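Structural overview for review
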Amino acid sequence: MLLIDCPHCGPRAELEFSYGNEAHIERPREPDALSDAEWADYLFLRDNTKGLLLERWVHSHGCRRWFNVARDTVTYEILAVYPMGGEPPALAPLRAL
Amino acid sequence: MQARYSFFSLARNALGYHESWPEAWRSPEPKASYDVVVVGGGGHGLATAYYLAKEHGITNVAVIERGWLGGGNTGRNTTIVRSNYLWDESAALYEHALKLWEGLSQDLNYNVMFSQRGVLNLAHNQHDLRELQRRIHSNRLNGIDSEFLDAEGVKAFCPPIDLRRNGRYPVLGASLQRRAGTARHDAVAWGYARAADARGVDIIQNCPVTGFRIAEGRIQGVETGKGFIEAKKVAVVTAGHSSVMADLAGFRLPVHSLPLQALVSEPVKPVIDCVVMSNAVHAYVSQSDKGELVIGAGVDKYIGYGQRGSLPVTEETLAAICELFPIFRRMRMLRQWGGIVDTCPDASPIISKTPVQGLYFNCGWGTGGFKATPGSGWVFAATVANDEPHPIAAPFALERFTSGYLIDEHGAAAVAH
């Protein structure tokens, strides 16, 4: 069970949150100009890092606001919580294998 | 040379207090070069090596495993085998696997304890019922046995289910595949390992793959904990670590790695002689030969590589089990664990060539890879041997995410993700 520090409501149990996968993905600015491969990339390819992962969460059963989280997917340690649109904090990449 | 397992060898060894059984497979040091290196010594990887040797005559093969054989998802699943998938592509793949299961113990000379005890998929509301009926009809069109049971039929087939209809999850009906059932998961890995070894495959354990050597878009070999191993072809079957492997090879895969949980209870006398799956509430249960209830839960909602699983998932599943089977309310759970499954956006696997020539991936089996073990190995071995997708594997290539030809099996895959 994760204890997630919602920037608006404080630390709450994982049950109150929903997951939004990889952070910092931008909608295609010119969808008409995208090739099939670029669409596939936008729709289906997501970071699945073993180690440091930047991801989005939403406090569904609380303030219902989105925010970003930097988390270690092996130890599950939450390394940083930062706002949507914010720059990811400077964190050293964690283990690879 | 391996001794053949038989009633007579059992009797002979019993006289010697079982002290002189030969080892089931060798543990050789890796050679400098192989025709094919299979990365990953789980069921799928070992099956791939076995069918490469048996069906395609390629015996200069090594299986490289980071830990021990079957120590990943092969030893962590709930051992359910079935083939009642919705679409033609999946039906062909899983039914091919089920047909191989039916002769597997004989083929491998190793008892995989395949027990066709029947698998129920429960419907709890009108929508479930309609989806279930659709899948049953689709199965039957594909030659897969599948039948509908109404509530009374469910009760007759599996008496411990609560049918008082005032529960949180009323049971309105179920699909039943009688040829489906369970198999002993460790035996599958060991049986394939032994049979592959007998045909000359080298099985190398405790040897992590740390990189791929690629020159001019073609695979040269793998970097491992035991040094560089040259290989003409490399077949990667690493389940939850597939995206880590793809990263080493320089491309991305559309998979999410999520912990999938299972639990077993204390052993009790025989109480449930079939497999019950309830997709909607994530409660799967069967009983092992030791008497433990084997319970399958859902996946965590977030990416993780910890083989534990999150507590709310456990609670949800056990709550559902207690609702459906009030008789189990006072059972105590003995063990709980997680395995890392690589889920695809369409809940179907990836069996594919890759952007690197001579490098093949078999992954994305998500929450239901065990049932497909023989079929997966069979079609992947053909894909690797011929450098061309086996007809059954062709629809499961990576290209489907670009072409849009997805094979949406979220309904039949039965664990939501």
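So, here is what we can say about the structure in this document. Per chain, the residues get numbers from 1 upward, laid out in the order the sequence is written. Going through the entries in the order they are written, you letter the chains from A and number the ligands from 1. Residues qualify for local features only when their pLDDT is at least 70, as the model is predicted, and side-chain atom pairs are given and counted only at 80 or more; totals for whole chains, interfaces and linings, by contrast, use all residues. Derived side-chain values reflect all non-hydrogen atoms in the structure, with water molecules and hydrogen atoms excluded from consideration.

Considerations on the interface of chain A and chain B
Note on definitions: a residue-residue contact is assigned when non-hydrogen atoms from the two residues lie within 4.5 Å. Taken together, the contact between chain A and chain B spans 29 residues of the former and 29 residues of the latter. A simple way to read buried area is as the amount of 1.4 Å-probe accessible surface that goes missing from two parts once joined, with both sides added. Carbon and sulfur atoms make up 57% of the area that chain A and chain B hide from each other, which totals about 2,400 Å². By convention in these notes, a salt bridge is any Lys or Arg side-chain nitrogen within 4 Å of a carboxyl oxygen on Asp or Glu. Summed over the shared surface of chain A and chain B, the result is three salt bridges. The partner of R252 of chain B in a salt bridge is D41 of chain A, and the shortest N-O contact between them spans 3.8 Å. Polar contact criterion, stated in full: a pair of N or O atoms within 3.5 Å, where within protein one must be able to donate a hydrogen and the other to accept it, and residues adjacent in sequence count only if both atoms are side-chain atoms. The tally of links between chain A and chain B comes to 13 residue pairs in polar contact (both at pLDDT 80 or more). Starting at the N terminus, helices and strands are each numbered in turn, a helix being any DSSP run of H or I of at least four residues and a strand any DSSP run of E of at least two. Elements that contribute at least two residues to the side of chain A that touches chain B include exactly strand 3 (18-22), helix 1 (36-44) and strand 4 (52-58) of chain A. Looking at which element gives the most residues to the side of chain A that touches chain B, the answer is helix 1 of chain A, with five residues.

Side note on the packing of aromatic side chains
Two aromatic rings from Phe, Tyr or Trp, using only the six-membered ring of Trp, form a pair when their centres are within 6.5 Å; if the ring planes differ by under 30 degrees the pair is stacked, by over 60 it is edge-to-face, and anything between is tilted. By the definition in use, this model includes 21 aromatic pairs over all chains. Between Y76 of chain A and Y302 of chain B the ring centres are 6.0 Å apart and the planes differ by 75 degrees, which places this aromatic pair in the edge-to-face class. Placement of Y76 of chain A in the loop between strand 5 (66-72) and strand 6 (78-82) and of Y302 of chain B in the loop between strand 15 (293-299) and helix 9 (311-324) is noted, with the two residues assigned to different chains. In this structure an aromatic cluster arises from ring pairing among F17, Y19, W57, F67 and Y76 of chain A together with Y302 of chain B. A ring has a charge above it when a Lys NZ or an Arg CZ is no more than 6 Å from the ring centre and no more than 35 degrees off the ring normal. The ring of Y76 of chain A carries the charged tip of R71 of chain A above its face, separated from the ring centre by 5.5 Å. In this arrangement the basic side chain of R213 of chain B is found over the ring face of F228 of chain B, its NZ or CZ atom lying 3.6 Å from the centre.

Structural notes on the side chain of R71 of chain A
Turning to its location among the elements, R71 of chain A is positioned in strand 5. Of note is the side chain of R71 of chain A, whose polar atom sits 2.5 Å from the backbone oxygen of I303 of chain B. Look past the residues within four positions of R71 of chain A in its chain and what remains in contact with it is L2, Y19, G51, L52, L53, E55, Y76, E77, I78 and L79 of chain A together with Y302 and I303 of chain B.

Some points on the nonpolar core
All names here are of chain B. Membership of the largest hydrophobic core comes to 54 residues, with the highest contact counts inside it found for V38, L52, W101 and Y192. Not counting residues up to four positions away in its chain, the partners in contact with W101 are V81, V112, F114, A183, V188, F370, K371, T373 and P374. By nonpolar core we mean a set of buried residues, namely Ala, Val, Leu, Ile, Met, Phe, Trp, Tyr and Cys, connected to one another through side-chain atoms within 4.5 Å. A simple rule labels every residue: compare its accessible area, found with a 1.4 Å probe on the protein chains alone, to the largest value its type can have, and call it buried under 20%, exposed over 50%, or partly exposed in between. Counting 30 residues, the second largest nonpolar core, distinct from the first, contains V39, A62, V255 and L398.

Structural notes on the pairing of strand 6 of chain A
Residue and element names in this part refer to chain A. Pairing between strands requires that DSSP locate at least two bridges from one strand to the other. Across four bridges, strand 5 lies against strand 6 in antiparallel orientation. When the sheet's bridge partners are listed, A70 is paired in strand 6 with A80. Hairpin remark: strand 5 followed by strand 6, antiparallel, with five residues in the connecting loop; positive phi at Y76, about 70 degrees.

Considerations on unusual backbone geometry
All names here are of chain B. At T79, a residue that is not glycine, the phi angle is positive and equals roughly 65 degrees. Tracing the backbone shows T79 in the loop between strand 2 (61-64) and strand 3 (80-81). In this structure, E216 is a non-glycine residue whose phi angle is positive, near 50 degrees.

A closer look at the packing of helix 3 (residues 88-102) of chain B against helix 10 (residues 373-386) of chain B
Residues and elements named next belong to chain B. To get an axis, fit a line to the C-alpha atoms, keeping to the stretch in contact for a helix; angles then go from 0 to 180 degrees between the N-to-C directions. Close contact between helix 3 and helix 10 brings their axes to 7 Å; oriented N to C, the two are set at 110 degrees. When the axis of helix 3 is compared with that of helix 10, the two are roughly perpendicular. Counted together, L93, H96, A97, L100 and W101 of helix 3 and T373, P374, G375, W378 and V379 of helix 10 form the full contact between these two elements. Under the scheme applied, nonpolar residues are Ala, Val, Leu, Ile, Met, Phe, Trp, Tyr, Cys and Pro; charged residues are Asp, Glu, Lys and Arg; polar residues are all the others, including Gly. Residue composition of the contact of helix 3 with helix 10, grouped by class: seven nonpolar, three polar and no charged. Here the word oblique covers every angle except those under 35 degrees (roughly parallel), over 145 (roughly antiparallel) and from 65 to 115 (roughly perpendicular).

Overview of the side chain of R400 of chain B
All names here are of chain B. Looking at where R400 falls in the secondary structure, it is placed in helix 11 (residues 400-403). For R400, a relative accessible area of 3% gives the class buried. Polar side-chain contacts of R400 include one of 2.9 Å to the backbone oxygen of P349. Excluding residues within four positions of it along the chain, R400 makes contact with C344, D346, S348, P349, I350, P395, Y405, L406 and I407.

Thoughts on the pattern of salt bridges
Tallying each qualifying case throughout the model produces 26 salt bridges over all chains. A salt bridge links R178 of chain B to E147 of chain B; the nearest nitrogen and oxygen atoms lie 2.9 Å apart. Of this pair, R178 of chain B sits in the loop between strand 6 (173-177) and strand 7 (181-182) while E147 of chain B sits in strand 5 (residues 147-150), and the two are 31 residues apart along the sequence. Since its relative accessible area comes to 25%, E147 of chain B is described here as partly exposed. Residue E323 of chain B is joined to R329 of chain B by a salt bridge in which the shortest nitrogen-to-oxygen separation is 4.0 Å. We classify R329 of chain B as partly exposed; its relative accessible area is 47%. Through salt bridges with shared partners, a single network forms among E22, D41 and D47 of chain A together with R252 of chain B.

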